[in-house]
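# Results of the structural survey
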Amino acid sequence: CKILGSPERPLLSRRGDVVIGGAFSIHSKITQPPLSYQTKPAQLLCFSVNLREFRFAQTMIFAIDEINRSEFLLPNVSIGYRIYDNCGSTLSSVRAAMALMNDDEKTAGNNCSRLSSVHAIIGESESSSTIVLSRLAGPFKIPVISHSATCECLSDRKAHPSFFRTIASDRYQSRALAQLVKLFGWTWVGAVNSDSDYGNNGMAIFLRVCVGYTEKFHRAEPEKLLKVVEVIKSTARVIVGFLAHVEMNDLLQQLSLHNVTGLQFIGVEAWITANSLVTPTSFNVLGGPLGFAVEKANIDGLDDFLIRDFWETKSECKEMKEDDATGTTTCGENHDLTEFKGYADDVAELRYSSNIYKAIYAVAHSLHSFLKCSESNVCNKTMNVTPQQIGDSLKAVNFTTKTGEQVWFDGTGATVARYEVVNWQRSSDGSIQFKPVGFYDASLPPGLRFLLRVEDIMWPGGKTEVPVSLCSESCRPGTRKVPQTGKPLCCHDCISCAEGEISNSTDANDCEKCPEELWPNQNRDACVPKTVEFLYFTEFMGIVLVFFTLLGVFFTLTVTALFLIHKDTPLVRANNSELSFLLLFSLTLCFLCSLTFIGRPSEWSCMLRHTAFGITFVLCISCVLGKTMVVLMAFRATLPGSHVMKWFGPAQQRLSVLTFTLVQVLICILWLTNDPPFPLRNTKHYKGKIILECALGSAIGFWAVLGYIGVLALLCFILAFLARQLPDNFNEAKFITFSMLIFCAVWITFIPAYVSSPGKFTVAVEIFAILASSYGLLFCIFAPKCFIIVLKPQLNTKKHMMGKTQ
C-alpha cells in the first residue's frame, strides 16, 4: 500500500508510547504556485513567521515534557508529538490533517487500514482551519482539541462528534459584546468581521442587536478592505471588530494609511490581547480599545522555557534528511534573525498558551484513566489505545490544573465561558498595557455574570467620558420610538404618548394606557389619580350660589315677618293670607333645597336633592295655582245668582294644594322604589377628570317629576292670564301671570342647558334654575305688596282694596 506523492514531515516531532499531533500557523502566509494542470504542482512555500503561533507549539512541547517528567500522571508512559505548520491556509490544513492521520513513511505495507499515527490532535488556532481538521479527522474518531477556535458552528456534535475545545463558544462572547454595547447606550455601531466561519458566525449572533452597518472582508481581498475603510471613515464612532488576528492587522495598516483616528473599537479575544498589534501607530488609530480576552494564566516555568528554547532553536538551522531523523547544522554567523524581533514582547500574556496547556493535560488525564494507572505509579501499557477510546474518555474528564482551574467539557465539547474585559492603556513609561477592567463568567447566576469597572476605562484620546455613538437621541420617558423609514431600527424619531397613555422608561417602543381611574401627568411618564370634580361649597361658584340661596331665604323670611306684622291689614287679608304664608314657606324650602346640590354626592344626597326639589316646587306652584283660582272664583261670585265660592272655600283650597302635592310625592316614591338616583364616578365626559355626579337612575322618573311641575305651572299661567284683566284692585292675576312667565321661561331654558353643560356646571345650571324661578315667584308676587305695606301704607285700606277710591 503506497502513499501517493511525498509524505509530509512534521516541523517538530518526538517519539513516544502515545503520540499527540499538533497543527499551528507558525508561518502566516503562503505562496500558491500556478496550477497549469500540465505539470506536477510545486511545493507550497510558507513565509512570514508568526511568533505567537510558534509559542503555541512550544507550549505544547512544554506541557508534554512536564507530563513525561511527572511521577503521578502517566508515570511509565511517554508522550510523543508531531507538530505541523499549516501556514495560515486551509489548503495546508488539509495536508497537515492527512499527514497526522498517516505515518511519514512512503509505504504502509500490505494493509492500508492502519490506525492513525496520532491519538489526538491539538489545534488549530482559527475556526476555518479547525473545521477542516475536525471534518477530516471526525470519520476516524480522532479527537481534535482546539485552544482558540470559537465558532459556534463547531458545537454541532453531529457534524463534529470528536471535537473538543478549551475555550468557550462565540455564542457567549457575542452576547457579552451585545450586552456591552447596550450598557453604554451605543445605538449607532459599526460592525466589521472576517469573511470566515469565525467572523460570520460570531457576527450573526451579535447582529441580533441594532447596528449601523456591517462589513466583512477576507485577508486575500485587499480591494474589499479599502471599501471597508471608506465605510468606517464616514459612519459610526464605535466599531465592533469580530476579526481574526491577521485581518485585524491588515485593517489597522489601512486605517493608519488613511489617517483614521478617534474611533472606539470593541474587540474580541482573537486580537484584543495580541501584542504584535501594539505599535504607536496602531494605538493612535485604536485609542483605547475595549474587548473580551481569554483569562490570563500563570504557568510556572513556561515563560523561561519559551524564551530559552526559542533562542536555542533559532541559533541552529534545521534540514530534513531522507531517512528519518532531523539533522542540524550550525547557521552562519551572519544569519538574519530580524524576523524574530520582539519574540519575547508578549510572553507575559499567556492566554491561549494556557488553553493549549489544559488541552494536553486533558489528553493525559483521559489516558491516565483509560490505562488504569494505579497508585503504585504503573499504567497498563499492554492495552491497545485507540483515538476513539481517548475521545470517549475525554467526555468524562474532570481535573484541576496546578493554577487551580477546573477543566471539564460540556455537551458541546467546550469549557465554561470566562473572559477578562481588557482596555488598552498607555502607562507612565509610554508602553501600552492590557488593563483588566472587568470580567464575564457564564457559570455565575445571570445578574452576576458581567462586571465592568467603567471608571477604570480609558477612552480614545485619553478621555474619561464615555464616547457617544447614536443614530438618534434616546427617547425620554413620556415618548415612544417610531422607526425612521429606510434606516436601521436604531434610527428613530421620538413622539409624545397619545392622550391617556404613558411611557415610564427610556426608549420605550410603545406607550401604556393608564387605568380608568388614573391619568397621565404633565410629562406623561406616570399615571396619577384623576382630578375629582364636583361642586364644592368652598369654591367660588359654590360660594356665590350659597350666597344667593341664603339671600333668597332671608328675603322670604323678611316678607313672612312683614306679613305677620301686618296680617290684619286689608292688603294681607285680601290676598288669602293662609295661602300666602304657605307659599312663603314653600319658597323657603325651594331656596334651601338648592343646598342639597352642592358638595360631594352621596347616596342619600342624590335621592334627597331631586325629590326635595320636585315636592317643594309642586307645593309652591300648588299655592300659586290656588291663589289664581281664588281670584277667578271671587270674580265669578260677584255675578248675580253665583254660588261658586261655597265650592272653593278655605277647606277646598287646602285640599287642592294637598292633592297636587301628594301626586308629586307618589311619583317620587315610585321613582325611589324602582330605580332611584345614585352617585356616579363619570370618567367618560372628561378624559382627565372624574366627575362625581348623581345619576338619574330612572330617566322616566326624573322627567315625570319635571313634567308634572311644568303642567301645573302651565295651568297656573293660563288661569292667571285669563284673570289678568279683572277690575279689582286686589287682583293678583297680573303678578302671578308675570311670575309664571318667568318660571316657564327659566325651566324651558334649563332643559337644553342642563343636557349640554358638563360636570359640575350641570349642577350649577340646575341650582341657577331653582334660584331664578324662586326669586321670580318671590319678587313678582310679594314685592308689590311689600312696597304698599312699607312705602305706601295709605293704600293699605279697605276702600282702596274695594276700588272705591280714585
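Just so it is clear, the structure is predicted and the values come from calculations on it, not from any experiment.

## What about the UniProt feature "transmembrane region" (unreviewed entry) in the protein?
UniProt records the feature "transmembrane region" (unreviewed entry) at residues 540-565, 577-599, 611-635, 655-673, 700-723, 735-755 and 767-791, using the numbering of this structure. Measuring from the first to the last C-alpha atom of residues 540-565 gives 37 Å, for a span that is 100% helix and 0% strand.

## Some thoughts on the sheet that holds strand 29 (residues 689-695)
Strands sit in the order 27-29-28 across an open sheet of 3 strands; the sheet is mixed. Two strands bound the open sheet, and with one partner strand each, they are strand 27 (531-533) and strand 28 (678-682). Neighbouring strand axes in the sheet, compared pairwise and without regard to direction, differ in orientation by 25° on average.

## Here's the deal with the nonpolar core
Counting residues in hydrophobic clusters, the biggest one holds 66 residues, and the most contacted among them are F613, M740, F743, W747, L777 and F782. Of all the secondary-structure elements, those providing two or more residues to this core are helix 12 (540-565), helix 13 (570-574), helix 14 (577-593), helix 15 (603-637), helix 16 (650-674), helix 17 (699-722), helix 18 (733-756) and helix 19 (760-791). Leaving out residues up to four positions away in the same chain, F782 has contacts with V559, F563, S580, L583, L584, L587 and L777.

## Digging into the pattern of salt bridges
Within the structure shown, the criterion is met by 12 salt bridges. The closest approach of N and O atoms between D65 and R14, which form a salt bridge, is 2.4 Å. One end of the pair, D65, is in helix 1 (residues 51-68); the other, R14, is in strand 1 (residues 12-14), and 51 residues separate them in sequence. Taking relative accessible area as the criterion, D65 reaches 14% and is therefore assigned buried. As a salt-bridge pair, K402 and E66 come within 2.8 Å of each other at their nearest N and O atoms. Of this pair, K402 sits in the loop between strand 16 (398-400) and strand 17 (406-408) while E66 sits in helix 1; the two residues are 336 residues apart in sequence, bridging distant segments of the chain. Connected through shared salt-bridge partners, E126, R219 and E247 make up one network.

## Some points on helix 11 (residues 387-394)
The set of residues buried in helix 11 consists of P387, I390, G391, S393 and L394. When helix 11 is viewed along its axis, its buried side chains cluster within an angular range of 165° and face the same direction. Next to the buried residues of helix 11 lie strand 7 (144-146), strand 8 (163-165) and helix 10 (352-370).

## Regarding the state of the cysteines
A full pass over the atoms with the stated rule returns 8 disulfides. Two residues share a disulfide in this structure: C46 and C87, whose sulfurs sit 1.7 Å from each other. Between C46 and C87, the S-S dihedral sits near 90°, and the bridge is therefore right-handed. A residue pair is termed long-range when its members are at least 10 positions apart, and C46 in strand 4 (residues 45-49) and C87 in the loop between strand 5 (79-85) and helix 2 (90-101) qualify at 41 residues. Given a relative accessible area of 2%, C87 falls into the buried group.

## With respect to empty space enclosed by the protein
Going through the model one piece at a time under the given rule, you end up with 3 cavities of 30 Å³ or more. F534, L535, F597, G599, P601, R609, I691, L692, E693, G759, K760 and V763 together form the lining of the second largest cavity. Of all the elements in the fold, those that place two or more residues in the lining of the second largest cavity are strand 29 and helix 19. Among the elements that make up the lining of the second largest cavity, the one with the highest residue count is strand 29 (3 residues). Class assignment for the residues of the lining of the second largest cavity results in 7 nonpolar, 2 polar and 3 charged.

## Topic: the sheet that holds strand 6 (residues 120-122)
The sheet built from 6 strands is open, its strands ordered 1-5-2-6-7-8 with mixed pairing. Only two strands of the sheet have a single neighbouring strand rather than two, namely strand 1 and strand 8. Looking at each pair of strands side by side, their axes are set apart by 25° on average, direction ignored. In this structure, strand 2 (residues 18-24) lies alongside strand 5, joined through 7 bridges in parallel fashion. When the bridges of strand 5 are listed, F24 appears paired with D85. Packed on one face of the sheet, helix 2 meets strand 2, strand 5 and strand 6 and runs near 155° to strand 5.

## Examining the side chain of T556
Within the secondary structure, T556 sits in helix 12. Beyond its immediate sequence surroundings of up to four residues, T556 is in contact with L584, L587, T588, F591 and L778.

## Topic: the pairing of strand 29
Regular strands place side chains that alternate from one sheet face to the opposite one. For strand 29, the buried fraction is high: 5 of the 7 residues fall into the buried class. As paired strands, strand 28 and strand 29 are joined by 5 bridges and run antiparallel to one another. Counted as the bridge partner of P679 is C694 from strand 29.

## Thoughts on the packing of aromatic side chains
According to the stated counting rule, one finds 26 aromatic pairs in the structure shown. Here F563 and F581 contribute two aromatic rings whose centre-to-centre distance is 6.4 Å and whose plane-to-plane angle is 85°, an arrangement assigned as edge-to-face. Placement of F563 in helix 12 and of F581 in helix 14 is noted, with a sequence separation of 18 residues between them. Among the aromatic residues, ring-to-ring pairing joins F554, F555, F591, Y775 and F779 into one connected group. Note that R157 overlies the ring of F164, its terminal NZ or CZ placed 5.3 Å from the centroid.

## A word on the pairing of strand 11 (residues 238-242)
Among the 5 residues in strand 11, 5 count as buried, and that is most of the element. What you see with strand 11 is no split at all: V238, V240 and F242 on one side and I239 and G241 on the other are buried throughout. Note that strand 9 (residues 189-194) and strand 11 share 5 bridges and pair parallel. Bridge pairing in strand 11 places V192 opposite G241.

Quick notes on the rules
Residues numbered from 1 in each chain as written. Predicted model: local features only at pLDDT ≥ 70, side-chain atom pairs only at ≥ 80, totals over all residues. Heavy atoms only, no water. UniProt positions renumbered as here; feature names shortened; annotations may be inferred. Helix = DSSP H or I, 4+ residues; strand = E, 2+ residues; numbered from the N terminus. Pairing = 2+ DSSP bridges. Axes fitted to C-alpha atoms, helices over the stretch in contact; angles between N-to-C directions. Core = buried A, V, L, I, M, F, W, Y, C linked by side-chain atoms within 4.5 Å. Buried < 20%, exposed > 50% of the residue type's maximum accessible area, 1.4 Å probe, protein only. Contact = heavy atoms within 4.5 Å. Salt bridge = Lys/Arg side-chain N within 4 Å of Asp/Glu carboxyl O. Arc of directions from axis to C-beta. Disulfide = S-S within 2.5 Å. 1 Å grid on protein atoms, 1.4 Å probe; cavity = no way out; pocket = protein on both sides within 12 Å on 5 of 7 lines; lining within 4 Å. Points joined across faces, edges and corners; volume = space filled by probe spheres on them. Nonpolar A, V, L, I, M, F, W, Y, C, P; charged D, E, K, R; others polar. Phe/Tyr/Trp six-rings, centres within 6.5 Å; stacked < 30°, edge-to-face > 60°. Lys NZ or Arg CZ within 6 Å of the ring centre and 35° of its normal.

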